[in-house]
Amino acid sequence: MDQRLLDALRKFARNEIELFATPIVNAQADPFVGRAGEQGRLSPGALNPADPETFKRLSVYLALHRLDVPTVSYDDAFMDDAEGYLAIDGAALSVGDEPIYDVDTAHAAASEISAQSQAESDSANARGARPRILLVQATPFESVTREQLETFGQDVQRLFTRDPDAIGAASIELGRVARLIGALRKALVSGGPDCQPQVDIVLTFMGSWQPNERAAGVLQMIRDDLQASVPGAQFRFHVWGAGELVAAFERVALAAVGVLKSAHLLSLPQFKRGPEGGQQAAAGWIGYAPARSVVSLIEGADKQPDPRLFFDNVRHYLGDDPETNPGAAGLTGTLKQGDAAQLVLRHNGITIVARSAEIDSHSGDVMLRDFQVVNGAQTAFTLFANRAMLEESGPAHVPVKIVVTEDEAIKDGVVLGANTQSAVDRYDMLARRPELRALQLAFEADAHWSPQKLWLQRRRAEPFKTRVAAERVISPRQLLEAYAAVILGLPHRVHDNPAQFLDDVPDRIFAPGHEPNLYMALGWMIVAGRHWAARNHQRWVDRWEGGTARSDGYAARHHFLFALFRLVDPNPDALDLERSPAAAARFGKLVSLFAERDAAALTDLAGVIVREAIGGKLITADSARRLTTTEAIRVKTDAARQRLYGPISA
């Protein structure tokens, strides 16, 4: 593979979840409007540069931006045709600057354009409001064959000419697109040629595209066939190889770029990894900068702090309540007292990690590329919230440290070393994993009113956009412990030594290829455990304190989850966790069981089995650590499952 394309895929794999979660137009609209009820959970891309799904998502993303086609959200344009009915990986429809996401929107926009066209023959073109349709196929191979080109053309023709209901029966997403295309065309029949859609067809692959007469002839033949099948529409073919993709990727400005103005910095010793004279791994500066420069640096296009700049920060902004965030409250107090000039002396600043930094020696301006505020979210957000008070009593500055590196291990070390105001443990560091952000997006895909809705709180005290039920909030640590107890069958290990246990599990959990419904099921089993504990006057304590369970806590929660899973899964010793229709259905069944049905009888049985496994006594911290306890529960649940297997699997 072209090294430049591999680098682009690596970078995209690191950032794509943030990109696909961000609407590019019509930010007030629900990104999943028009899809609710038609589709279950949306699956985020596998964050692995070698995975074909990553190449497909990159291709769709680049096509949207390179051809400037509006859409409600990046993910809305990505097609997941698991059955392979049509080889189309991305689709977007728009009229002018308005994305088309449901049939009513298509009719309304098309009717308006048609009326404009009849009133003034060139009004549609003058307003740039011609309907646009984008279709993308990504072929993750080094070459593209004539047969692949012809098949893609035939699939596009089928999308335009076949019954949308027939397409929808094979692919819900493509069926939706087919209905939208039909609605647009039907509404625009009387609008004249200016109202007929312009269709951009993009085929991408990983090799080098060398246009020649033979390829041009094939493309022209496909275009003629489409033109004959869909009179009035204009078709444009784009074939992008590695070179075209890399060029488009560089123009997108994927990385965050910003300028920290008027900084006063001292260069730090450079760090080199490997043999003497090897490639530089890290460089840095330390000093101070105007507080207003920090405010300007983090301000996004919506005039609010840009959340993408804090993706690698393991702490979210916690507000300025003195009880929960004394540092931020103290900074606010300093500003209110008129002592802004003392900020640099009395408060912590920010730490930035960037891919590159260029310093203007005269102005002190620092051009930062692909940067993250890895420490100082409390400082940055507090300064932003109180920016009107800055410099009221003299120039206000804050301490700044900048580290330039592409080494993720060094970045991890910077994050751990910089977060000293409140301890950061290794569970907090899970928040930096892009796979976990991908899973958070999968949790968010369900509408807030859905009976299957859970919220994954990736970072401690991370706020939610809407009010949530506390009992449905799940943390990465809770999922990690449930995974070890349920999937690995090690509830006693979780209770024994959490620190040592953490060494053994992270490489196996939150894997890019894992089925998201697996973690949804674990989350709903935790919720079921909380409900069971409330009914049975037990305290479900999600975190042990000081290495031991709270005295009033139910010490067997991991064993409870272990027993519950072995009761409800027909074959718990034969698990395939990788994404597949079978895995989605298997774990989705458990989600439905605990989210939509009364599972009280099952949870009561799990509680009884745990108690009986140790002779009818309450489990203690000591008995929770014993392998014999786990094995006793396994034997009892296996016997009970034989009686339950029929109704549960039906």
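Here is what the cut-offs are and how they apply
Residues numbered from 1 in each chain as written. Predicted model: local features only at pLDDT ≥ 70, side-chain atom pairs only at ≥ 80, totals over all residues. Heavy atoms only, no water. Helix = DSSP H or I, 4+ residues; strand = E, 2+ residues; numbered from the N terminus. pLDDT = per-residue confidence, 0-100. Contact = heavy atoms within 4.5 Å. Pairing = 2+ DSSP bridges. Axes fitted to C-alpha atoms, helices over the stretch in contact; angles between N-to-C directions. Parallel < 35°, antiparallel > 145°, perpendicular 65-115°, else oblique. Left-handed = near helix turned anticlockwise from the far one by under 90°. Nonpolar A, V, L, I, M, F, W, Y, C, P; charged D, E, K, R; others polar.

Thoughts on unusual backbone geometry
Alright, step 1. A positive phi is found at Ser262, a non-glycine position, where the angle reads about 55°.
Alright, step 2. The topology assignment puts Ser262 in the loop between β6 (257–260) and β7 (264–267).

Considering the confidence of the model for the chain
Alright, step 1. Residues at a pLDDT of 70 or more form 74% of the chain, whose mean pLDDT is 76.
Alright, step 2. Ignoring residues within four places in sequence, the model shows residues 21–47, a span with pLDDT below 50, making 74 contacts including any to other chains.
Alright, step 3. Low pLDDT, under 50, characterises residues 275–279; the predicted model gives this stretch three contacts beyond four residues in sequence or across chains.

Quick word on the sheet that holds strand β2 (residues 98–99)
Alright, step 1. Overall, mixed pairing links the five strands, which are arranged β2-β1-β3-β4-β5 in an open sheet. One side of each edge strand has no neighbouring strand; the edge strands of this open sheet are β2 and β5 (234–240).
Alright, step 2. Strand contacts of helix α2 (residues 52–66): β1 (90–95), β3 (131–139), β4 (198–205) and β5, with the helix running at about 150° to β3, the strand carrying the most contacts.
Alright, step 3. Its contacts with the sheet place helix α5 (residues 146–161) against β3, β4 and β5, and it is angled at close to 140° to β3.

Looking at the packing of helix α16 (residues 476–487) against helix α20 (residues 557–568)
Alright, step 1. At their nearest, the axes of α16 and α20 sit 8 Å apart, and the two run at 50° to each other. Taken together, the axes of α16 and α20 are oblique relative to one another. Seen from above, α16 lies across α20 with right-handed handedness. Residues Glu481, Ala482, Ala485 and Val486 of α16 pack against Arg557, His558, Leu561, Phe562 and Phe565 of α20.
Alright, step 2. Considered class by class, the residues forming the contact of α16 with α20 number six nonpolar, one polar and two charged.

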